[in-house]
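Listed here are the chains, written in short residue letters.
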Amino acid sequence: LREEEARIVKRLGDIFIVHNEAMRRYYIEQGVDKDRVISLGIFDYLGESANTCKIFEKSVTIAANLSLEKSPYLTRLGKLFPLKIHLYGPNFSSVITEDAPNVEYHGSVAPDVLPGKLDRGFGLVWDGEGLDTCSGGLGEYLLYNNPHKLSLYLASGMPVIIWGKAAEADFVIRNNVGITVDSLYEVSGVLERCDMGMYE
């Protein structure tokens, strides 16, 4: 919000329902009384039942808007070879799979049926420009927001991999639903130490 709009919203709003604790702290730092700010924690995800027959695979699934403007890091996934990466989503560009034999595109699937299609690997919560960290405006937004893809992966019965500095990293660790990494270059090594217990 612009500064003037933020002042009006702070004055007129009775209660602020925000994404998570990181966003709650931000609002309080901006002068909103702490009793007026409620943390949602995580979004619900409505859709078909998850596929109950999961395949334990040391791979990564990215289900998202695959626009290169939003997520330039997608063009660098070949550097993570031999890590297998499954992609689902709109705005796919063949540039993503050029020189990336480890990346497979499965098409764009309607959000309400997608949980039933995700049947293997670990759901990745990552955004922005690079593989080393979540950088740029959209990458850094993970410091404050609840990514809908996190709710999707959990509704699909998948463990997740999330950027360690993301606002929802604490939720993932606290609820034992996945692992955190600071760089995507860490993922292969981390997955080598994982076993079927992540699916139970």
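Everything below is about the structure shown above.
Residues numbered from 1 in each chain as written. Predicted model: local features only at pLDDT ≥ 70, side-chain atom pairs only at ≥ 80, totals over all residues. Heavy atoms only, no water.

**What to know about the overall build of the protein chain**
For clarity, the threshold we go by: Counting from the N terminus, the helices are DSSP H or I runs at least four residues long and the strands are E runs at least two residues long. The globule rule used for comparison is 2.2 Å times the number of residues to the exponent 0.38, while the radius of gyration itself is calculated over C-alpha atoms. The rule is simple: take the accessible area with a 1.4 Å probe, protein chains only, and divide by the maximum for that residue type; under 20% is buried, over 50% is exposed, in between is partly exposed. Contact definition: two residues touch when any of their heavy atoms are within 4.5 Å. For the accessible areas, the method is Shrake-Rupley and the probe is 1.4 Å, while residue cover comes only from the protein chains on display. Counted charges follow a simple rule, with Lys and Arg positive, Asp and Glu negative, and His plus the chain ends left uncounted. Lysine's charge is taken at NZ, arginine's at CZ, aspartate's at CG and glutamate's at CD.
Summing up its helical and strand segments, the protein chain has six helices and eight strands in all. From first element to last, N terminus to C terminus, the protein chain shows the α and β order α-β-α-β-β-β-β-β-α-α-β-α-β-α. For a compact globule of 200 residues, the expected C-alpha radius of gyration is about 16 Å, and the protein chain comes in at 18 Å, within 12% of that figure. With respect to the three principal axes, the spread of C-alpha positions in the protein chain is 55 × 35 × 30 Å. Classification of the 200 residues of the protein chain by burial places 41% in the buried group. For the protein chain, restricting intrachain contacts to residue pairs at least 6 apart in sequence, the fraction spanning at least 24 positions comes to 60%. When the accessible surface of the protein chain is totalled, it reaches about 10,600 Å², and 50% of it is carbon and sulfur. In the protein chain, the 20 positive side-chain charges and the 28 negative ones have mean positions that sit 3 Å from each other.

**Some thoughts on the sheet that holds strand β7 (residues 160–163)**
Selection criterion: Strand pairing requires that DSSP identify at least two bridges connecting the strands. Fitted lines through C-alpha atoms give the axes, limited to the stretch in contact for helices. The angle between two N-to-C directions lies from 0 to 180 degrees.
In space, the six strands of this open sheet follow the order β5-β4-β3-β6-β7-β8, with parallel pairing throughout. The two strands at the open ends of the sheet, each matched to only one other strand, are β5 (103–105) and β8 (178–181). When strand polarity is set aside, the average angle formed by the axes of neighbouring strands in this sheet is 30 degrees. Relative to β5, strand β4 (residues 85–88) runs parallel, the two sharing three bridges. Across the sheet, residue I85 finds its bridge partner in β5, namely V103.

**Overview of the packing of aromatic side chains**
Centre distance and the angle of the planes are the two values used to describe a pair of aromatic rings. Short version of the rule: Within 6.5 Å between ring centres, the rings of Phe, Tyr and Trp (the latter by its six-membered ring) count as paired, and their orientation is classed by plane angle as stacked under 30 degrees, edge-to-face over 60, tilted in between.
Scanning the model with the defined rule gives four aromatic pairs in all. Consider the rings of F92 and Y105, whose centres lie 3.9 Å apart with planes at 5 degrees: the pair is stacked. Taken together, the positions of F92 in the loop between β4 and β5 and Y105 in strand β5 put the pair 13 residues apart, joining distant regions of the chain. With relative accessibility at 29%, the residue Y105 sits in the partly exposed group.

**As for unusual backbone geometry**
Residue F81 is joined to P82 through a cis peptide bond whose omega torsion reads 10 degrees. Of note, P82 is situated in the loop between β3 (55–63) and β4. The phi dihedral of N176 is positive, around 55 degrees, even though this residue is not glycine. Here N176 is to be found in the loop between α5 (169–174) and β8. Looking at N176, the relative accessible area reads 67%, which means it is exposed.

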